[in-house]
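So you can see what is in the structure, the chains are spelled out below.
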Amino acid sequence: EAISWHIYEILREQGLTEKIPFFRVEFSEITKKAIQDAVDNPRELSMDLVNAQQARRALDHLVGFNLSPLLWKKIKTGLSAGRVQSPALRMIVEREREIEKFVPQEYWSVEADLAHEGKEFLGRLVRLENERLKQFDITTTDHAHSVRDRLLQAAGGKLKVDRVNKKQRKRRPAPPFITSTLQQDASRKLRFTAQRTMRAAQDLYEAGHITYMRTDSVHLSNDALADLRGCIGKRYGAEYVPEKPNFYRTKAKNAQEAHEAIRPTSACESPDVLKGRLSEDQFRLYELVWRRAMASQMVPALIDTVAVEFDCAGDATFRANGSVVAFPGFLRAYEESAPRGKEEKESRLPAMSEGDVVNLKDIRAEQHFTEPPPRFSEASLVKALEDFGIGRPSTYASIIQTLVRRKYVELDRRRFIPTNTGRVVARFLENHFEPYVDYEFTARMEDTLDEVSRGEMHWIPPLMQFWKPFIERIKDKQETVSRQEAKATRVLGNDPKTGKEVSVRLGRFGPHAQIGSVEDEDKPKFAGLRHGQLLETITLEEALELFKLPRDLGETPEGEEVAAGIGRFGPYIRYGSKFV
């Protein structure tokens, strides 16, 4: 709407709007019927929508252009903060703190190795002393082994089938892609970054192979539904086509239903047909989009599940679970990816009936430790932002890029780790601008902008309501926050040789340790922190170690200097002009 308004304003300035009537033509599907209907039913520009966009743009400028200079002044130049970027950084930093504080807890599981009719399978202890077994009921080696030994002795190498529970459940397909779910699945299945996904999607869109790739609507046009259903019937058979089309509701908060879901422009243009005309990235992403769109309009999969229970020693029960796909349904086309560790696996059990006796090969007590929450991947960060209603799907790739470009985060095995710089910025914003990096505040602001877009609120009052306290806080922090505090300066103790203060802080060239201060008669000594060392956790001993290099080792037989040092690629020896 804002683009339409800008075009209209340019035409008005040229005097064209007085001679020719102008109308807004709007369609949420790029289909012949939708475009014809839009042309037949034009409307006036909606200034409510324009004002909502103006308000969003103004807010982003007010935050970015006032907060970023404060970071330059107090911490170091080249830093930035943003209305959506800063809460995203906070999420990554908070998750890292959770991981660092995490204390593993020990627990044990007891499993039975079973066999029946030549097939081996596993039974898990689910009931002990006539109570349902919970995760932390067995927490010591002695307890685990005493349970194991007692049950093994009582069983005598055999277990009887006491109960067989069979069920059939339906598994329904996921909706067609929106921007955020495309980024998540491309990350998990193709190992694409959000930026790489959006670049390939842009190419596919421009070539006319998929619909617009920046959308948060799961709606499909009637033309698309008919096209997909027809193609499913031809490719997989009539039994894969549901009686009625599958319809989905948008779950995302603040969804803007301005476009269809992401789908192939022609369902019968299968990936194989296009393979020779697309780059590898384009082909792999197109296949993902095509399969997901096809699956979204197919019948559910039918999964047969069976749970077989074996009582043991009168007060304990082992359970073996199995699941088999009875009818694949939409799984013929596509299976939605799941976060690591939550994937569904098919496991077949041998046929068993109540009263059957199975062989017990062994009972094992397995030690486990709870694990910290995982670091954010691109997929899980996008999902978290979407769940909180922070930002728009089209902005996620650029937000992530900014965090990496500003060196606020590093990617290690496709997981985000905050750098010292990222931690310092996040802590500064939390301590002094907490309301503005609060997840709920950011989501509420999106709600307010949506109210403006619906004409329920004028756009100036919420901006003024935001601006007055915000600029007052900026002015206050300029005066009251010291550079020492902003740079997260930590005094670690004193240097045993000189008695001078040893501290760490974020400086112009990154995080470093310092012996002495600028007020001293002698200049302070500086040493950069090594990779993996953190301002928040480094000890005095570790900091003093940094000052041991570079050091003089003597001379070569030819009288050249020999020294040891540490550089950007690690420790080295300098032998004259040679580096080793």
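Our subject is the structure listed above.
Asks: Got a sec to walk through the overall build of the protein chain? Specific residues and values, please.
Replies: Regarding its fold elements, the protein chain presents 18 helices and 18 strands. By the compact-globule yardstick of 25 Å for 580 residues, the protein chain is too spread out, its C-alpha radius of gyration being 31 Å. Considering only C-alpha atoms, the protein chain reaches an extent of 90 × 90 × 55 Å along its principal axes. The buried share of the protein chain, reckoned over its 580 residues, is 46%. A sequence separation of at least 24 residues applies to 71% of the contacts in the protein chain between residues at least 6 apart. Only carbon and sulfur atoms are counted for the fraction: they give 50% of the accessible area of the protein chain, which is about 31400 Å². Distance between charge centroids for the protein chain: 2 Å, based on 91 positive and 88 negative side chains.

Asks: Report on unusual backbone geometry, specifying residues and quantitative values.
Replies: Geometrically, the link from L549 to P550 is a cis peptide bond, its omega value of 0° lying close to zero. You can see P550 is positioned in the loop between helix 18 (540-545) and strand 15 (551-555). Of note in the backbone geometry, R413 takes a positive phi value of approximately 50° without being a glycine. Tracing the chain through its elements places R413 in the loop between strand 9 (409-412) and strand 10 (415-418).

Asks: Could you give me a rundown of the pairing of strand 1 (residues 106-116), with the residues and numbers involved?
Replies: For strand 1, a buried count of nine out of eleven residues is recorded, marking the element as mostly surrounded by other parts of the structure. Where strand 1 meets strand 2 (residues 119-128), six bridges bridge the pair, whose relative direction is antiparallel. Within strand 2, the position partnered with A112 by the bridge is G123. Count of turn residues in the strand 1/strand 2 antiparallel hairpin: two residues, of which E117 carries a positive phi of about 50°.

Asks: Which residues make up the sheet that holds strand 17 (residues 570-575), and what values go with them?
Replies: Reading across the sheet, the four strands line up as 15-16-17-18 and stay open at both edges, with antiparallel pairing between neighbours. Every interior strand has two partners, whereas the edge strands, strand 15 and strand 18 (578-579), have only one. Note: strand 17 against strand 18, two bridges, orientation antiparallel. Along strand 18, the bridge assignment pairs R574 with F579.

Asks: How would you sum up the sheet that holds strand 11 (residues 490-494)? Please name residues and give values.
Replies: Remark on secondary structure: sheet strands pair via backbone hydrogen bonds, oriented parallel or antiparallel. Spatially, 11-12-13-14 is the arrangement adopted by the four strands of the open sheet, whose pairing is antiparallel. With partners counted over all chains shown, the strands left at the sheet margins are strand 11 and strand 14 (525-528), one partner each. When the angles between neighbouring strand axes are averaged without regard to direction, this sheet yields 25°. Direction of pairing for strand 12 (residues 501-507) relative to strand 13 (residues 510-515): antiparallel, over a ladder of six bridges. Looking at the pairing, S503 lines up with Q514 of strand 13.

Asks: Break down the state of the cysteines for me, citing the residues and quoting the values.
Replies: Across all of its chains, the model carries zero disulfides by this definition. Of the cysteine sulfurs around C231, a residue in no disulfide, the closest is that of C268, at 3.3 Å. Given the relative accessible area of 6%, C231 is considered buried.

Asks: Please provide a residue-by-residue account of a nonpolar patch on the surface, values included.
Replies: Side chains of V25, F27, I30, I35 and V39 sit close together on the surface and give an oily, nonpolar patch of about 390 Å² of accessible area. Checked against the element boundaries, I35 lands in helix 2 (residues 32-40).

Asks: How would you sum up the packing of aromatic side chains? Please name residues and give values.
Replies: Inspection of every chain in the model, using the stated rule, returns 17 aromatic pairs. Aromatic pair F428 and F433: ring centres 6.3 Å apart, planes at 45°, arrangement tilted. Across the pair, exposure class does not vary: F428 and F433 are buried alike. Taken together through their ring pairs, the aromatic side chains of F428, F433, Y436, F441, F466, W467 and F470 make up a single cluster. Over the ring of Y439 we find R90; its NZ or CZ atom is 5.6 Å from the centre of that ring. Here the guanidinium or amino end of R95 rests over the ring plane of F376, the centre of that ring lying 4.3 Å away.

Asks: I'd love a proper account of the environment of L16, names of residues and values included.
Replies: With respect to the helices, strands and loops of the structure, L16 is situated in the loop between helix 1 (2-13) and helix 2. Residue classification places L16 among the partly exposed positions, given a relative accessible area of 27%. For the pair L16 and T265, spaced 249 residues apart in sequence, the C-alpha separation works out to 36 Å. If we skip the residues at most four places from it in the chain, L16 touches L11 and F22.

About the thresholds
Starting afresh in each chain, residues are numbered from 1 along the sequence in its written order. Only residues with pLDDT of at least 70 get local features here, since the model is predicted, and only at 80 or more are side-chain atom pairs given and counted; chain-wide, interface and lining totals rely on the full set of residues. Hydrogens and waters are ignored; side-chain quantities use all the structure's heavy atoms. Here a strand is any run of E in DSSP of at least two residues, a helix any run of H or I of at least four, and the numbering for each starts at the N terminus. We take the radius of gyration over the C-alpha atoms and set the globule estimate at 2.2 Å times the residue count to the 0.38 power. Burial classification: accessible surface area is computed with a 1.4 Å probe over protein chains only, and a residue below 20% of its type maximum counts as buried, one above 50% as exposed, and the rest as partly exposed. We call two residues in contact whenever any of their non-hydrogen atoms come within 4.5 Å of each other. Throughout, the Shrake-Rupley method with a 1.4 Å probe supplies accessible areas, and for residues the shown protein chains are the sole cover considered. As used throughout, the charge tally considers Lys and Arg to be positive and Asp and Glu to be negative, leaving His and the chain termini uncounted. Note that the charge is assigned to NZ on lysines, CZ on arginines, CG on aspartates and CD on glutamates. Here a strand pair is declared whenever DSSP counts at least two bridges between the two strands. Convention adopted: a line fitted to C-alpha atoms gives each axis, helices being fitted over their contacting stretch, and angles between N-to-C directions are expressed from 0 to 180 degrees. Here, a disulfide means two cysteine sulfur atoms that sit within 2.5 Å of each other. Without a salt bridge and with relative accessible area above 30%, a residue can belong to a patch; like charges are then joined within 9 Å and nonpolar side chains (Val, Leu, Ile, Met, Phe, Trp, Tyr) within 5 Å. Salt bridges, as used here, are contacts in which a Lys or Arg side-chain nitrogen is within 4 Å of a carboxyl oxygen on Asp or Glu. Each aromatic pair joins two rings of Phe, Tyr and Trp (for Trp, the six-membered one) with centres within 6.5 Å, and gets the label stacked for planes under 30 degrees apart, edge-to-face for over 60, and tilted for any other angle. Placement of a charge over a ring requires the Lys NZ or Arg CZ to be within 6 Å of the ring centre, with the centre-to-atom vector within 35 degrees of the ring normal.

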